[in-house]
Amino acid sequence: MSTGEDLLRSRGLRVTRPRLAVLDVLSAGGHLEVDEITRRVRQRIDSVSTQAVYDVLGALSRAGLSRRIEPAGSPARYEARVGDNHHHVVCRGCGQIADVDCAVGSAPCLDPNVAHGFELDEAEVTFWGLCPACQSRRSADD
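Presented here is a report on the structure given in the accompanying data block. (Residues numbered from 1 in each chain as written. Predicted model: local features only at pLDDT ≥ 70, side-chain atom pairs only at ≥ 80, totals over all residues. Heavy atoms only, no water.)

**Regarding the sheet that holds strand β3 (residues 77-79)**
Across the sheet, which stays open at both edges, the three strands sit in the order β1-β3-β2 with antiparallel pairing between neighbours. Two strands bound the open sheet, and with one partner strand each, they are β1 (32-33) and β2 (67-69). Bridge count between β1 and β3: two bridges; the pairing is antiparallel. Residue pairing for β3: leucine 32 is matched across the bridge by tyrosine 78. (Pairing = 2+ DSSP bridges. Helix = DSSP H or I, 4+ residues; strand = E, 2+ residues; numbered from the N terminus.)

**Topic: the packing of helix α2 (residues 17-27) against helix α4 (residues 50-62)**
It is at 10 Å that the axes of α2 and α4 come closest, and there the two elements cross at 70°. Taken as axis vectors, α2 and α4 run roughly perpendicular relative to one another. On α4, the residues touching Pro18, Arg19, Val22, Leu23 and Leu26 of α2 are Val53, Val56, Leu57, Ala59 and Leu60. For the contact of α2 with α4, the per-class residue count stands at nine nonpolar, no polar and one charged. (Axes fitted to C-alpha atoms, helices over the stretch in contact; angles between N-to-C directions. Parallel < 35°, antiparallel > 145°, perpendicular 65-115°, else oblique. Contact = heavy atoms within 4.5 Å. Nonpolar A, V, L, I, M, F, W, Y, C, P; charged D, E, K, R; others polar.)

**Considerations on the environment of arginine 67**
Structurally, the position occupied by arginine 67 is in strand β2. Along the chain, arginine 67 and valine 48 lie 19 residues apart, while their C-alpha atoms are 21 Å from each other. When residues no more than four places from it in sequence are discounted, the contact partners of arginine 67 are Ser61, Arg77, Tyr78, Glu79, Arg81, Val82, His86, His88, Glu122, Ala123 and Glu124. Side-chain polar atoms of arginine 67 contact the backbone oxygen of histidine 86, separated by 3.0 Å. (Polar contact = N/O pair within 3.5 Å; in protein donor to acceptor, adjacent residues only side chain to side chain.)

**Thoughts on helix α3 (residues 34-44)**
Residues Val34, Ile37, Thr38 and Val41 constitute the buried set of α3. When α3 is viewed along its axis, its buried side chains cluster within an angular range of 100° and face the same direction. Exposed and oriented more than 90 degrees from the buried face of α3 are Asp35 and Gln43. Where the residues of α3 are buried, they touch α2, β1, α4 and β3. (Buried < 20%, exposed > 50% of the residue type's maximum accessible area, 1.4 Å probe, protein only. Arc of directions from axis to C-beta.)

**Remarks on the sheet that holds strand β4 (residues 87-91)**
The strand order across the open sheet built from three strands is β5-β4-β6, with neighbouring strands paired in mixed fashion. The open sheet terminates on both sides in strands that have one partner only, identified here as β5 (97-100) and β6 (126-129). Adjacent strand axes in the sheet meet at a mean angle of 25° when their direction is disregarded. Relative to β5, β4 runs antiparallel, the two being bridged by four bridges. Bridged to histidine 88 within β5 is aspartate 99.

**Structural notes on the side chain of histidine 86**
The residue histidine 86 is located in the loop between β3 and β4 in this model. At 3.3 Å, the side chain of histidine 86 and the side chain of histidine 88 are in polar contact. Histidine 86 has contacts with Arg67, Glu79, Arg81, Asp99, Val100, Asp101 and Cys102, leaving out every residue within four places of it along the chain.

**A word on the nonpolar core**
Among the nonpolar cores identified, the biggest contains 21 residues, and Val22, Ile37, Val41, Leu57 and Leu60 are the most heavily contacted of them. Of all the secondary structure elements, the ones that give two or more residues to this core are α2, α3 and α4. When residues of this core are assigned to their parent elements, the largest contribution, five residues, is made by α2. Beyond its immediate sequence surroundings of up to four residues, valine 41 is in contact with Ala21, Val22, Val25 and Val48. (Core = buried A, V, L, I, M, F, W, Y, C linked by side-chain atoms within 4.5 Å.)

Honestly, that's just the spatial picture; any functional story needs more than this.
Have a look at this one:
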């Protein structure tokens, strides 16, 4: 298993405390908003600005170490799961987000009818619905 330092160096990034802290937060899993990432980073290091966290997230995303997702009507969220072309399901009730694996083997979402000359490497598919907790609440309200 690679350490955060190894991951950063392998992508040509300088090793800094904020970068290591953000990688650590993201590696714990989830689809986190910047405010939550910042709160967790501040638990690990003494002082870091929200802008510094945005800068780190931008650098990590450009280096392929994090992924930014933006479900419609929601703030940007970040995750550490990269490189596997997975998708997401979002609850319309509470905003919970979960990963949905792409088809095993062939990835039909990367084979559109017309690519307009683009070399495709990722597709963002978002499924929308109600999570089990919101379904239960809806049933209780009926």
